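What follows is the residue order along each chain.
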Amino acid sequence: MKIIIAPDSFKESLPAHEVATAIAQGVRQAAPSACIHCVPMADGGEGTVLAIAQSTHCKLMQSTVQNAMGQPVTATWTMTNNETAIIEMASAAGLEQIQPQNRNILRSNTFGVGQLILEALNKKARHIILGLGGSATTDGGVGMLAALGIQFMDKNNTLLEPVPAELARLEKINISGMDPRLSQIGFTLASDVNNPLCGHHGAAAIFGPQKGATPEQVLFLDQVMANYADITATTLGKDMRHEQGAGAAGGLGFAGLSFLKARFRPGVEIVAEFAGLAQLIENADLVITGEGKLDEQTLQGKTLAGIAALAQQHKVPVIVIAGTLGNNYQALYNKGITAAFSLCNGPMSLQEAMQKTSQLLQDRSRDIMQVFLANQTNKRDKNYKLK
Ligand SMILES: O=C(O)[C@H](O)CO
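None of these values were measured; they are calculated from a predicted model.

Draft legend 1. Seen up close, the sheet that holds strand S13 (residues 339–342). Spatial strand order, S2-S1-S11-S12-S13: 5 strands in an open sheet with parallel pairing. Edge positions in the open sheet fall to strand S2 (35–38) and S13, since each of these has one partner strand only. Direction aside, neighbouring strands of the sheet carry axes that sit 25° apart on average. The sheet contacts of helix H12 (residues 303–313) involve strand S11 (286–294) and strand S12 (318–325), and relative to S11 the element is tilted by about 160°.

Draft legend 2. Quick peek at the domain arrangement of the protein. Its domain assignment divides the protein into domain 1 (2–39 + 281–386) and domain 2 (48–267). Computed over C-alpha atoms, the centres of domain 1 and domain 2 are 32 Å apart. Around 670 Å² of area is buried between domain 1 and domain 2 when both sides are counted, 42% of it from carbon and sulfur atoms. Between domain 1 and domain 2 we count 0 salt bridges in total.

Draft legend 3. Geometry of the environment of Phe 254. Relative to the helices and strands, Phe 254 is located in helix H9 (residues 252–259). Distance in space between the C-alpha atoms of Phe 254 and Val 316 is 36 Å, their sequence separation being 62 residues. In this structure, Phe 254 is in contact with Leu 197, Tyr 228, Ala 229, Thr 232, Met 240, Arg 241, Gly 245 and Ala 246, ignoring residues within four places of it in sequence.

Draft legend 4. The arrangement of the layout of surface pockets in detail. Of the voids in this model, the largest pocket is the one considered here, and its volume is about 970 Å³. Considering the residues around the largest pocket, the lining is formed by 41 residues, among which Lys 11, Glu 12, Gln 210, Gly 292 and Lys 293 are closest to the centre. Looking at the lining of the largest pocket, its residues break down into 12 nonpolar, 16 polar and 13 charged. Of the domains in this structure, domain 1 (2–39 + 281–386) and domain 2 (48–267) are the two that each give at least three residues to the lining of the largest pocket. Roughly 430 Å³ of volume is contained in the second largest pocket. In terms of lining, the second largest pocket is formed by 28 residues, of which the most central are Glu 46, Gly 47, Leu 50, Glu 88 and Glu 96. For the lining of the second largest pocket, a count of residues per class yields 12 nonpolar, 11 polar and 5 charged. Of the domains in this structure, domain 1 (2–39 + 281–386) and domain 2 (48–267) are the two that each give at least three residues to the lining of the second largest pocket.

What counts as what
Residues numbered from 1 in each chain as written. Predicted model: local features only at pLDDT ≥ 70, side-chain atom pairs only at ≥ 80, totals over all residues. Heavy atoms only, no water. Pairing = 2+ DSSP bridges. Helix = DSSP H or I, 4+ residues; strand = E, 2+ residues; numbered from the N terminus. Axes fitted to C-alpha atoms, helices over the stretch in contact; angles between N-to-C directions. Contact = heavy atoms within 4.5 Å. Domains from an automatic or database assignment. Buried area = accessible area lost by both parts, 1.4 Å probe. Salt bridge = Lys/Arg side-chain N within 4 Å of Asp/Glu carboxyl O. 1 Å grid on protein atoms, 1.4 Å probe; cavity = no way out; pocket = protein on both sides within 12 Å on 5 of 7 lines; lining within 4 Å. Points joined across faces, edges and corners; volume = space filled by probe spheres on them. Nonpolar A, V, L, I, M, F, W, Y, C, P; charged D, E, K, R; others polar.

What follows is the structure in structure tokens.
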């Protein structure tokens with residue numbers, strides 16, 4: 001029996017490779033002879049670089065850059081043999097790096113992501129895959145663009161700091177100082193979501209609150225993004241605000257699509273490709289996956305939706321173990337998920353569940369395997385009797 005264990009990370013609790021290990025332990029308790037393949041997954045957000053580096057056996061690189069609040073942070077990235085750099089924006093400007101009391105959505109930016117791109121250019125990257133998701137920012141990527149040489153100015157040609165608080169006064173964008181090497185390389189966005197830049201489904205409205213934005217700040221940020229998109233359209237002669245993924249990572253997607261001529265792809269597809277997940281699933285009996293929260297957002301291009309789509313093509317059942325089963329998670333039952341289970345074995349606080357995640361994962365996967373094995377044995381016995 002071949003089981004694929006391909007979970008995402010459980011945010012702020014357990015990275016994907018540890019989730020996979022815990023599930024594998026549970027599976028082994030119930031099915032000691034099962035052939036188990038662990039494929040830690042990611043969707044463009046945190047864990048993307050690690051997942052791809054593990055699949056490709058590429059060396060991890062470290063660079064010190066600015067985090068979203070301008071403090072030094074060591075960011076990890078990797079480069080494949082054919083000079084494709086894989087950069088994860090969350091390792092420079094991720095939400096998890098900033099303590100809740102230090103978060104300030106109006107002043108956080110993606111400057112460190114631009115610094116990472118420059119590092120990759122210095123190492124002669126010919127193609128850059130930029131992972132989007134898990135950001136602490138809603139700056140539309142202006143921080144990144146400023147690090148790459150683009151200037152943002154007000155009506156008096158005074159330079160603006162590349163942070164949302166200043167962007168309300170944006171009237172001009174000067175691209176003449178952009179690093180010329182950028183025009184020689186290809187960019188691909190590996191995005192965790194496909195939201196547009198502005199409006200009800202935009203970067204500020206959907207993801208602002210989880211970064212600490214108040215309702216008033218969400219409105220302000222949305223207006224700032226709309227103005228920035230207007231000025232970008234005048235500067236470049238194209239308007240990418242409605243494109244898929246423009247609103248990913250606080251609008252960094254928009255900056256990539258507009259200024260770096262990047263191609264959008266769901267991050268999970270890219271991570272799955274590097275891991276050869278489709279071929280693994282094709283011959284599998286069962287896929288077990290998991291993530292911190294399963295809900296409607298999962299359908300917006302998150303890891304589990306991608307895995308479920310692959311498994312559906314090959315008619316392989318998919319079981320999900322999630323920390324929380326949120327709003328309308330059953331919608332995924334039409335998208336290739338066979339069943340979803342909560343991690344918890346009884347009432348418990350979030351803190352308790354987060355502390356015990358590894359043990360709980362082991363227990364639930366053992367239970368799930370027991371049911372799966374009983375069902376397989378039943379099927380075999382019935383077929384035998386019919387013969
Ligand atoms: O970073 C964010 O804003 C979300 O993960 C969506 O990309």
